[in-house]
Amino acid sequence: MELRDYQQTAIEQLRAALLEGSRRPVIQAPTGAGKTVIAAAIVNMARQKDKRVLFCVPALSLIDQTVERFRANSIFDIAVMQGQHELTDYRQPVQVCSVQTLARRKIPQADLVIVDECHVMFKLYDTWMADPAWKDVPFVGLTATPWAKGMGAPGRWDKLIIGTTTEELIERKHLSDFKCYAPAHPDLSGVKTVMGDYEVKGLGAAMDKGHLVADIVSTWLERGENRPTICFAVNRVHAKHIQTQFKEAGVAAEYMDAFTDLDERADIVGRFGKGEARVICNVGVLTTGFDADVRCIILARPTKSEILYTQMIGRGLRTAEGKDNCLILDHSDTTLRLGFVTDIIKTELDSGVAKRAAAERPTPKPKECTQCHFLKPPKAVKCPACGFQPTPTSKVESENGELYELGRGKVIKASAPNPLDQQRWYSELLRYADLRGYKSGWASYAFKDKFGGFPERFMLPIQSHMVSPEVASWIKSRNIRQAKSKMKHGRGV
Ligand SMILES: [Zn+2]
């Protein structure tokens, strides 16, 4: 089995930690780092010494998936402890266990316990890890987000091993890069915080508003480039509203929540994979274990939880052929609140005790471009998306003692648009105008809206044979914008 270098390093660090006496170490492995491969390597090493292993997962849906992946990594002496599962066989030295089942049965003897998704805390783990009979048995935690409150409290996990980071995985092209826009800023001032995150009912009321939902759809039409997209909503009603609006705009949108049965889920994921569905509006179900090619994430579920936030973004960071980046349309202000996922770095487990403010380095926050809503890296001044560079306003005293203001910011052109791309747009707009019976001038004006100037003289007035979904989406968003502005000016019908 070939391990990537950082996977190898994580395992070496684990060995060193165990030698130093740690019995409850946690390995942080971001989504995409091959957490199961690391787990399989640890299991294989234990098996070479003829040791028995319990591998615990927090959800039924992870049982079969884990067994399958372990088998793919040459672990065959494996059985399952979960209800009446057909792979039940206590003689096998590797047991994949559901926490819920373990809590109700006598726990079999083992030499190593691996706890998957160990940021999800169960009472069973507290009592089990505190049991004197298990004091010297190593428990190894695995998670992408070892940030739960109190994970590092006495009696729980005692060491954090950072295998690799999301930033590093992006740099090394194991994960996709991302870019982020904040097109809307919801008013959450009346929403209470419960257990460290927004209270869901109040959050639903704050987010499920007509103009916010309409904004999600029109922003996606304008910026989404018809990408395969998943949208995270607050609750079922909110998700359904977003889905309905997408459908009304002619976008094939699906709906999914925890009650959607497994067959229907598989159908939806199938349609999504084939491109028959473009957007999946969901409530909390697509945060883990969904491996489709996703190229756009809509955040419509504000959160204060770095864990939930990182899980949502993680759905869009898988690499795929022809994918340059994942587009994040953040309608929830979460990126501005928590920073980019690549900037969330914690070197220690949370002990549950309030720390001095200085003890923890706050995550640097991105800044929003006032021109295009792109979220700039914390230190950037010039907008990488549109080139806008705000000039700091400063008051300067002139010779005769008058004050006047300097600088309002000016638009600096980003790299010039590609002429071939402009020709394609122009040709497709001409085609669209022809199909709709518009005058050809319509295409020129639409072109001007898109590129900020009329088509150049050297551009050919030839129609393309089709209108791409990208251009069609953009036209739709332009129509919506124009209709909105007409209504605003009282010229609506
Ligand atoms: Zn900008």
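Just so it is clear, the model here is predicted, and its values are computed rather than measured.

Caption draft 1: Region of the structure containing the sheet that holds strand β3 (residues 78-81). Ordered by their spatial adjacency, 7 strands build an open sheet running β3-β4-β2-β5-β6-β1-β7, and the pairing between neighbours is parallel. The strands lining the two open edges of the sheet, one partner per strand, are β3 and β7 (159-162). Averaged over all pairs of adjacent strands, the angle between their axes in this sheet comes to 20°, without regard to strand direction. Relative to strand β6 (residues 139-143), strand β5 (residues 112-116) runs parallel, the two sharing 4 bridges. Pairing of Val115 across the sheet is with Gly141, part of β6. The strands touched by helix α1 (residues 5-19) are β1 (25-28), β6 and β7; relative to β7, the strand with the most contacts, the crossing angle is about 160°.

Caption draft 2: A look at the coordination of the zinc ion. At 2.3 to 2.4 Å from the zinc ion lie its protein donor atoms, namely Cys369 (SG), Cys372 (SG), Cys383 (SG) and Cys386 (SG). Geometry at the zinc ion is tetrahedral, judged from the 4 donor atoms that bind it and their angles of 107 to 112° at the metal. Written as a sequence motif, the donor arrangement for the zinc ion is C-x2-C-x10-C-x2-C. One end of the pair, Cys372, is in the loop between β16 (367-368) and β17 (375-376); the other, Cys383, is in the loop between β17 and β18 (394-397), and 11 residues separate them in sequence. In this pair, the class of Cys372 matches that of Cys383, namely buried.

Caption draft 3: Quick peek at the side chain of Glu428. Its location among the elements puts Glu428 in helix α13 (residues 419-436). Discounting residues that sit within four places of it in the chain, Glu428 has contacts with Ser464, Met466, Val467, Ser468 and Val471.

What counts, and where the lines are drawn
- Residues numbered from 1 in each chain as written.
- Predicted model: local features only at pLDDT ≥ 70, side-chain atom pairs only at ≥ 80, totals over all residues.
- Heavy atoms only, no water.
- Pairing = 2+ DSSP bridges.
- Helix = DSSP H or I, 4+ residues; strand = E, 2+ residues; numbered from the N terminus.
- Axes fitted to C-alpha atoms, helices over the stretch in contact; angles between N-to-C directions.
- Contact = heavy atoms within 4.5 Å.
- Donors = N, O, S within 2.8 Å, 3.2 Å for Na, K, Ca; no water.
- Tetrahedral: all angles 85-135°; square planar, octahedral: opposite > 155°, others 65-115°.
- Buried < 20%, exposed > 50% of the residue type's maximum accessible area, 1.4 Å probe, protein only.

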